[in-house]
Amino acid sequence: MIAYLEHFVHGNDTESTPNDDVSSLQGSFHFSPISIATKDFGGMKSSTPLAVIRPYSTSDVARAVKAATTTTNLTVAPRGNGHSINGQAMAEKGLVLDMRATAEEHFQLLYHDGVPYVDVSGGALWEEVLKRCVSQFQLVPRSWTDYLGLTVGGTLSNAGVSGQTFRYGPQTANVTELEVVTGKGDTLVCNENENSELFFATLGGLGQFGIITRARIVLQQAPDMVRWIRVIYSEFEDFTKDAEWLVTLPEGDGFDYVEGFVVANNDDSCNGWPTVPMGSNQVFDPVLVPSSAGPVLYCLELALHYRKTARSSDVNKKVDRLLGGLRFVEGIKFEDDVKYMDFLLRVKSVEEDAKAKGIWDAPHPWLNMFVSKSDIADFDREVFKKILKHGVGGPILVYPLLRSK
Ligand SMILES: Cc1cc2nc3c(=O)[nH]c(=O)nc-3n(C[C@H](O)[C@H](O)[C@H](O)COP(=O)(O)OP(=O)(O)OC[C@H]3O[C@@H](n4cnc5c(N)ncnc54)[C@H](O)[C@@H]3O)c2cc1C
């Protein structure tokens, strides 16, 4: 293996990657092909590391970081599932740690003051966490991302924002403890009280303050089913007022998930009306769109959790009461009852479809922004209605969050 690395080094710029960097890696490291870490989901940056190491445990991670600290040049980047968009998980001529190899190391349920938590590995996918928590404990994390093919360490190094954030905060607000390997290769446990600076720096820290090897995540009872709803607005003001009202409702009184997106007001299959229905049995009827509508429409996406023992009349009553107060375009409403797990995994079918069409690997120049309430109407006028009126060839999500979360 070392011979292979030396060959690689000599084939490149030996000045910036001297041989002593390589010899410090001697030992029992496991390696992956370099190619897995040269690209990411964004597809806009590429970078060639010296080596990709597969650590199977926290001590492997610590050993790799320690080895790098003894060298003059090696940088280290943890890589989750590589779904960043700007090369954040890359290390040019450095070491990439393929954290997926650690996925199995931790998985333990514990209770503190009657509240359930699960300890999971930084390299576990959220999809794996969901499936194991449901099947083993009938419990689940409270805050998610839209797509679950992302690692725990990868989203906790960003934020992890989705339609539950208005209620529980981002995923980073639902973690009470981390085990972190620091830049010196030390393994530390951190939380609000112990090594708190490290804890808060690592959450949202893009891997720059330490490598998350274990995270303790708050759990709640797993719902069985979800009433999944999409309604359409022609007026941005109505859309934002309704969405902002919904996120102020207390737990139990409102929806459990509030998101939304912008669609072009036309029949474009990628940006327009056809992107709104949730199933092939649903059809968007454009005749119902008011003639006063502008170049874009707004879709409010909602979900209500329920137990399979709930009476459907009670679920209907609650949904009707909540929807009754909203100002969406009459008649343009899509509803479906789906299993909770299928709802959380809803983007998986989008992924499979995009892979089948060969577009999953296309570049994804994505942008995430927090826009204040006082600027959102201007943003709509200038950005959605003018610059993006034909769409972006993919989703344009827009939904309210509470600053307090
Ligand atoms: C289809 C899709 C949908 C998405 N939806 C959402 C969404 O709804 N909400 C949302 O908030 N985000 C969303 N994202 C963005 C996603 O949260 C980030 O891209 C996230 O970083 C991806 O996780 P990853 O495991 O692929 O991390 P990577 O891209 O591998 O890494 C991300 C960053 O974290 C660092 N890192 C990775 N693992 C660790 C670790 N164990 N310890 C410390 N640092 C680490 C890396 O060095 C890098 O800086 C989505 C992405 C995709 C592709």
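About the criteria used
Residue numbering note: each chain is counted from 1, following its sequence as written. pLDDT decides what is reported in this predicted model: residues at 70 or higher carry local features, side-chain atom pairs at 80 or more are listed and counted, and totals for whole chains, interfaces and linings draw on all residues regardless. The side-chain numbers reported here are obtained from all heavy atoms of the structure, hydrogens and water having been left aside. Each helix corresponds to a stretch of at least 4 residues labelled H or I by DSSP, and each strand to a stretch of at least 2 residues labelled E; elements are numbered beginning at the N terminus. All radius of gyration figures rest on C-alpha atoms, and the globule criterion is 2.2 Å times the number of residues raised to 0.38. For each residue, the accessible area found with a 1.4 Å probe, counting protein chains only, is set against the maximum for its type, and the residue is called buried under 20%, exposed over 50%, and partly exposed in between. Any pair of residues with heavy atoms lying within 4.5 Å of one another is described as a contacting pair. What sets the accessible areas is the Shrake-Rupley method with a 1.4 Å probe; for residues, cover comes only from the shown protein chains. We count Lys and Arg on the positive side and Asp and Glu on the negative side, and we leave His and both chain ends out. Charged groups are reduced to one reference atom each: NZ for lysine, CZ for arginine, CG for aspartic acid, CD for glutamic acid. To be near a molecule or strand, a residue needs just one of its heavy atoms within 4 Å of it. Think of a polar contact as two N or O atoms within 3.5 Å of one another; within protein, one of them needs to be a possible hydrogen donor and the other a possible acceptor, and neighboring residues in sequence only count if both atoms come from side chains. Only strands that DSSP links by at least two bridges are regarded as paired with each other. Here a salt bridge means any side-chain nitrogen of Lys or Arg lying within 4 Å of a carboxyl oxygen belonging to Asp or Glu. UniProt positions are given in the numbering used here, feature names are shortened, and annotations may be inferred rather than shown by experiment. For this quantity, the arc is that covered by the directions from the helix axis to the C-beta atoms. As annotated, the domain borders come from an automatic or database domain assignment. Two parts lose some accessible area (1.4 Å probe) when they are put together, and adding that loss for both gives the buried area. Each residue receives one of three labels: charged for Asp, Glu, Lys and Arg, nonpolar for Ala, Val, Leu, Ile, Met, Phe, Trp, Tyr, Cys and Pro, and polar for the others, Gly being one of them. Every axis corresponds to a line fitted to the C-alpha atoms, with the helix fit spanning only the stretch in contact, and the corresponding angles, defined between N-to-C directions, vary from 0 to 180 degrees. Two cysteine sulfurs form a disulfide in these notes if their separation is within 2.5 Å. Nine residue types can take part in a nonpolar core, namely buried Ala, Val, Leu, Ile, Met, Phe, Trp, Tyr and Cys, and a core is a set of them joined through side-chain atoms within 4.5 Å.

Let's shift gears to the overall build of the protein. Each helix and strand counted, the protein has 12 helices and 14 strands in total. For 405 residues, the compact-globule estimate of 2.2 N^0.38 gives 22 Å, and the protein sits close to it at 23 Å. In terms of overall dimensions, the protein has a C-alpha envelope of 70 × 50 × 40 Å along the principal axes. Per-residue burial for the protein yields a buried fraction of 52% across its 405 residues. Here the contacts in the protein between residues at least 6 apart in sequence split such that 74% fall between residues at least 24 apart. As displayed, the protein has an accessible area near 19,300 Å², and 51% of this comes from carbon and sulfur atoms. Positive and negative side-chain charges of the protein, numbering 38 and 51 respectively, have mean locations separated by a distance of 4 Å.

A few words now on the site of the ligand. For the ligand, the set of nearby residues contains 30 residues, the closest of which are Pro-78, Gly-80, Ser-84, Thr-151 and Val-161. A distance of 2.6 Å separates an oxygen atom of the ligand from a polar backbone atom of Gly-80. Of all the secondary-structure elements, those providing two or more residues to the shell around the ligand are strand 3 (76-79), helix 5 (152-156) and strand 10 (211-221). Looking at which element gives the most residues to the shell around the ligand, the answer is helix 5, with 3 residues.

The strands making up a sheet are joined through hydrogen bonds of the backbone, oriented either antiparallel or parallel. An order of 1-2-4-3 is seen for the 4 strands of this open sheet, with the pairing classed as mixed. For this open sheet the edge positions go to strand 1 (31-32) and strand 3, each flanked by a neighbour on one side alone. Bridging between strand 2 (residues 51-53) and strand 4 (residues 95-98) involves 3 bridges; their strand directions are parallel. Bridge pairing in strand 4 places Ile-53 opposite Leu-97.

Considering all chains together, one arrives at 27 salt bridges under this definition. In this structure, Glu-351 and Lys-355 form a salt bridge, with 2.6 Å as the shortest nitrogen-oxygen distance. With Glu-351 and Lys-355 both in helix 11 (residues 346-357) and 4 residues apart, this pair spans about one turn of that helix. Lys-355 gets classed as partly exposed once you look at its relative accessible area, which sits at 48%.

Turning to the side chain of Glu-179, a few remarks are in order. Mapped onto the fold, Glu-179 is located in strand 8 (residues 175-181). Buried Glu-179, no salt bridge; nearest opposite-charge side chain is Arg-214, N-O distance 4.3 Å. Engagement of the side chain of Glu-179 in a polar contact is seen with the side chain of Thr-213, the distance being 2.6 Å. Those residues within four positions of Glu-179 in sequence are excluded, and the remaining contacts are Thr-58, His-106, Thr-187, Leu-188, Val-189, Ile-211, Ile-212, Thr-213 and Arg-214.

Once that is clear, we can look at the UniProt feature "domain: FAD-binding PCMH-type" (unreviewed entry) in the protein. Here, UniProt's "domain: FAD-binding PCMH-type" (unreviewed entry) annotation points to residues 45-222. Helix makes up 22% of residues 45-222 and strand 28%, and the two end C-alpha atoms of the span are 39 Å apart.

With respect to the secondary-structure elements, Ile-85 resides in the loop between strand 3 and strand 4. For Ile-85, a relative accessible area of 15% translates into the label buried. With 254 residues separating them in the primary sequence, Ile-85 and Lys-339 have C-alpha atoms 31 Å apart. Beyond its immediate sequence surroundings of up to four residues, Ile-85 is in contact with Asp-40, Phe-41, Gly-42, Met-44, His-364 and Trp-366.

So, about helix 8 (residues 236-246). Along helix 8, the positions that sit buried rather than exposed are Phe-236, Phe-239, Thr-240, Asp-242, Ala-243 and Leu-246. Buried residues along helix 8 cover an arc of 165° about the axis, so they all sit on one side. Where helix 8 is buried, its residues contact helix 6 (165-168), strand 11 (225-233), strand 12 (257-264), strand 13 (296-306) and helix 12 (376-387).

Attention now goes to the domain arrangement of the protein. The domains assigned to the protein are domain 1 (2-101), domain 2 (107-221) and domain 3 (225-387). With 6 residues of domain 1 at the contact, the number on the domain 3 side is 6 residues. Both faces combined, the contact of domain 1 with domain 3 buries some 540 Å², and carbon together with sulfur accounts for 70% of it. In this structure, the connection of domain 1 to domain 3 is made through 0 salt bridges. Linking domain 1 with domain 3 are 2 residue pairs in polar contact (both at pLDDT 80 or more), by the criterion used here. For the side of domain 1 that touches domain 3, the residue count by class is 3 nonpolar, 3 polar and no charged.

If you walk across this open sheet you meet the 4 strands as 12-13-11-14, and the pairing is antiparallel. The outermost strands of the open sheet, each flanked by one partner alone, are strand 12 and strand 14 (333-339). Here the average twist between neighbouring strands, direction ignored, is 20°. Sheet topology note: the strand 11/strand 13 ladder contains 9 bridges and is antiparallel. Paired with Arg-227 across the bridge in strand 13 is Leu-304. Sitting on the sheet, helix 8 is in contact with strand 11, strand 12 and strand 13, with an inclination near 20° to strand 13.

Turning our attention to the state of the cysteines. Applying the stated criterion across every chain, the model contains 0 disulfides. Of the cysteine sulfurs around Cys-270, a residue in no disulfide, the closest is that of Cys-299, at 16 Å. With a relative accessible area of 40%, Cys-270 lands in the partly exposed category.

In this section: the nonpolar core. Counting 56 residues, the largest nonpolar core has Leu-130, Val-152, Leu-178 and Phe-284 as its most contacted members. Counting residues per element, this core draws most heavily on helix 4 (residues 126-137), at 5 residues. Of the domains in this structure, domain 2 (107-221) and domain 3 (225-387) are the two that each give at least three residues to this core. Those residues in contact with Phe-284, other than ones at most four positions away along the chain, are Ile-232, Trp-273, Val-276, Pro-277, Val-289, Leu-297, Ile-332 and Phe-334. Counting 32 residues, the second-largest nonpolar core is a separate cluster that includes Val-231, Leu-246, Val-315 and Val-319.

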